[in-house]
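The lines below spell out each chain.
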Amino acid sequence: MDVPGEQSASEVWARVKRRLRAELGEDIFASWFGRLELDSVIEGCAYLTVPTRFLKSWIESHYADRVLAVYRSEAGDVERVSIGVRSTMGRDPAAQRRVSEAPRPSSAPSMAMPSMNHEIKTPSAPSSHEERGEGGELGGAPLDPRLTFESFIVGRSNALAHAAADRVAHAQNGQAIYNPLYLHAGVGLGKTHLLHGIGHAVRAQGRRVIYLTADRFMYGFVASLKAQTSLAFKERLRGIDLLIIDDVQFIQGKQIQQEFGHTLNALIDAGRQIVIAADRPPADLENLDERVRSRLAGGLVVEVSALDEALRTSILTTRIEALKTIHPTFEVGPNVIAFVARSITANGRDLEGAVNRLLAHATLTNSAITLETAETAIRDLVRNREPKRVKIEDIQKLVASRYNVSRSDILSERRTAAVVKPRQIAMYLSKVLTLRSLPEIGRRFGGRDHTTVLHAVRKIEKALGEDHALSDEVELLKRMLQE
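Here we summarise the structure given alongside this text. Keep in mind the model is a prediction, meaning the values are calculated, not measured. (Residues numbered from 1 in each chain as written. Predicted model: local features only at pLDDT ≥ 70, side-chain atom pairs only at ≥ 80, totals over all residues. Heavy atoms only, no water.)

1. So, the overall build of the protein chain
Next up, step 1: Secondary structure assignment for the protein chain yields 23 helices and 8 strands.
Next up, step 2: The buried share among the 483 residues of the protein chain stands at 44%.
Next up, step 3: Summarising the internal contacts of the protein chain: among those between residues at least 6 apart in sequence, 73% fall at separations of at least 24.
Next up, step 4: Accessible area of the protein chain: about 24600 Å², with a carbon and sulfur share of 50%. (Helix = DSSP H or I, 4+ residues; strand = E, 2+ residues; numbered from the N terminus. Buried < 20%, exposed > 50% of the residue type's maximum accessible area, 1.4 Å probe, protein only. Contact = heavy atoms within 4.5 Å. Areas by Shrake-Rupley, 256 points an atom, 1.4 Å probe, with all protein chains shown as cover.)

2. Some points on the environment of Gly298
Next up, step 1: Note that Gly298 resides in the loop between helix H12 (290-297) and strand S8 (300-303).
Next up, step 2: The exposed category is assigned to Gly298, whose relative accessible area is 60%.

3. A short note on the side chain of Lys56
Next up, step 1: Within the element layout of this structure, Lys56 appears in helix H3 (residues 53-62).
Next up, step 2: Polar side-chain contacts of Lys56 include one of 2.8 Å to the side chain of Glu60.
Next up, step 3: There is a polar contact of 2.8 Å between the side chain of Lys56 and the backbone oxygen of Ile83.
Next up, step 4: Among all residues touching Lys56, those that are not within four sequence positions of it are Val50, Ile83, Gly84 and Val85. (Polar contact = N/O pair within 3.5 Å; in protein donor to acceptor, adjacent residues only side chain to side chain.)

4. What to know about the sheet that holds strand S4 (residues 181-184)
Pairing between sheet strands relies on hydrogen bonds along the backbone, with the strands arranged either parallel or antiparallel.
Next up, step 1: Read from one edge of the open sheet, 5 strands run S5-S6-S7-S4-S8, paired in parallel fashion. Two strands in the sheet have a free side with no partner beyond their single neighbour: strand S5 (209-213) and S8. Averaged over all neighbouring strand pairs, the angle between strand axes comes to 15 degrees, with direction disregarded.
Next up, step 2: Bridge count between S4 and S8: 4 bridges; the pairing is parallel. Paired with Tyr182 across the strands is Val301, a residue of S8. (Pairing = 2+ DSSP bridges. Axes fitted to C-alpha atoms, helices over the stretch in contact; angles between N-to-C directions.)

5. Here we look at the nonpolar core
Next up, step 1: If you look at the biggest cluster of nonpolar residues, it comprises 52 residues, and the most contacted ones within it are Phe33, Tyr71, Val248, Ile256 and Phe260.
Next up, step 2: If you tally residues by element for this core, the top one is helix H1 (residues 3-24), at 6 residues.
Next up, step 3: Those residues in contact with Phe260, other than ones at most four positions away along the chain, are Phe217, Ile245, Val248, Ile251, Ile276 and Val292.
Next up, step 4: Listed in part, the 50 residues of the second largest apolar core include Leu181, Val302, Leu323 and Ile369. (Core = buried A, V, L, I, M, F, W, Y, C linked by side-chain atoms within 4.5 Å.)

6. Side note on helix H11 (residues 254-269)
Next up, step 1: With 16 residues, H11 should reach 22 Å at 1.5 Å per residue; the first-to-last C-alpha distance of 22 Å fits that figure.
Next up, step 2: Turning to H11, its buried residues number three or more, namely Ile256, Gln257, Glu259, Phe260, Gly261, Thr263, Leu264, Leu267 and Ile268. (Expected span 1.5 Å × (residues − 1).)

7. Examining the pairing of strand S7 (residues 273-278)
Along any regular strand, the residues point their side chains to alternate faces of the sheet.
Next up, step 1: Of all 6 residues making up S7, 6 are buried, and the element is well covered by its neighbours.
Next up, step 2: Here S7 shows two buried faces, one formed by Gln273, Val275 and Ala277 and the other by Ile274, Ile276 and Ala278.
Next up, step 3: Sheet topology note: the S4/S7 ladder contains 4 bridges and is parallel. Opposite Tyr182, over in S7, you have Ile276 as the bridge partner.
Next up, step 4: Pairing geometry for strand S6 (residues 242-246) and S7, over 4 bridges, is parallel. When the bridges of S7 are listed, Leu243 appears paired with Ile274.
Next up, step 5: For the crossover from S6 across H11 to S7, the handedness is right-handed. (Right-handed = clockwise from strand over helix to strand, strands pointing away.)

Spatial relationships are all this shows, so hold off on functional conclusions.
Put into structure tokens, the structure is as follows:
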């Protein structure tokens, strides 16, 4: 392989992405091109990849000519562009060429192990009755058989969300309540588990259930438009008893959002149950239409908060006991469990990873799990959390939530005291917790000048030395952002 050539191709691709960002704007670029990567350039064709089939379809339908034009302006030897899906291809360019030029077999089995992460999956045509659901041919995602109410561990941080989910799942005569039920939480805190639990319980009652990620919803709608079957798509979607949408924050596009809003209205008006999950409350979904946000906020909105130590201990204990049925010699003492529960605080997926590491150490070395071996086993999980890379967007969201304003208020030109104070605190935290320059922080706060940021930072620094309550509040915000 010609290394200099590879470097040159990478440099050209970096320039192409910069041009696309400048021409299309930050919002469009981040939504559709942020995960577009260059794999190789062979015989005048630039092979690009994206992680989902929906992104491939959308870029090809709306931006293919633009991408090619920009690429050719940077590299005259590129005559065409081919977009493939990373999860369905190897890294061999010839294999990519076959994938992009030949039809993909519909019956190819997936060799991937089931994941507890439930990130957005690559949308594909439904391949089983389970995926179609009882509602017909609409391609819903399958429900994970492991994620039931019985396997969900309840603690103080998720008790309300669990109770609401259970009430919705077992509503008398299938009557819709808390409609829509909207669950929001960070990564790995159990909201997807609850969605699947609701789906299993309702489907067991013989009712029609469709579970969709936002990605699948968008792909299904765009595909129906291409095939001129959008009316049938809408009718099938609205003819079910329970619609579950996960990761709704990823829904993009004005027309798709309009259809999503119409679907919400039609199902709610017909008394059908809707359950939604996202990583933030409805008011913070800036990309969604205001009427859709209002509809989502009109039901019951429940946050699944961070796992407390008692709940983390319960999760670890339950997982270890389950593994002992397969590995009878796998023993983990209560002192080790307590150590892991104190050390890993981020989410349940890291706890799952910690248990897997402990099991690997025990089975591969045939030795007992001690505090020393446990510390070695989970070291990478703990180290990866320190230091955490804090994002300006996360600072804005947290400060807005703590001071009962919206993120859009912080970014706006409003100068009321209720908005100015949290805005200045957010600017101060952005300066001390990130490596961004003052001009960059200003741009991220509604295009403000760097002198405005400097004034805010100095004002908050002065106030911290005079106001102990404010100092405690800012320290709390720092800890929350860095956990």
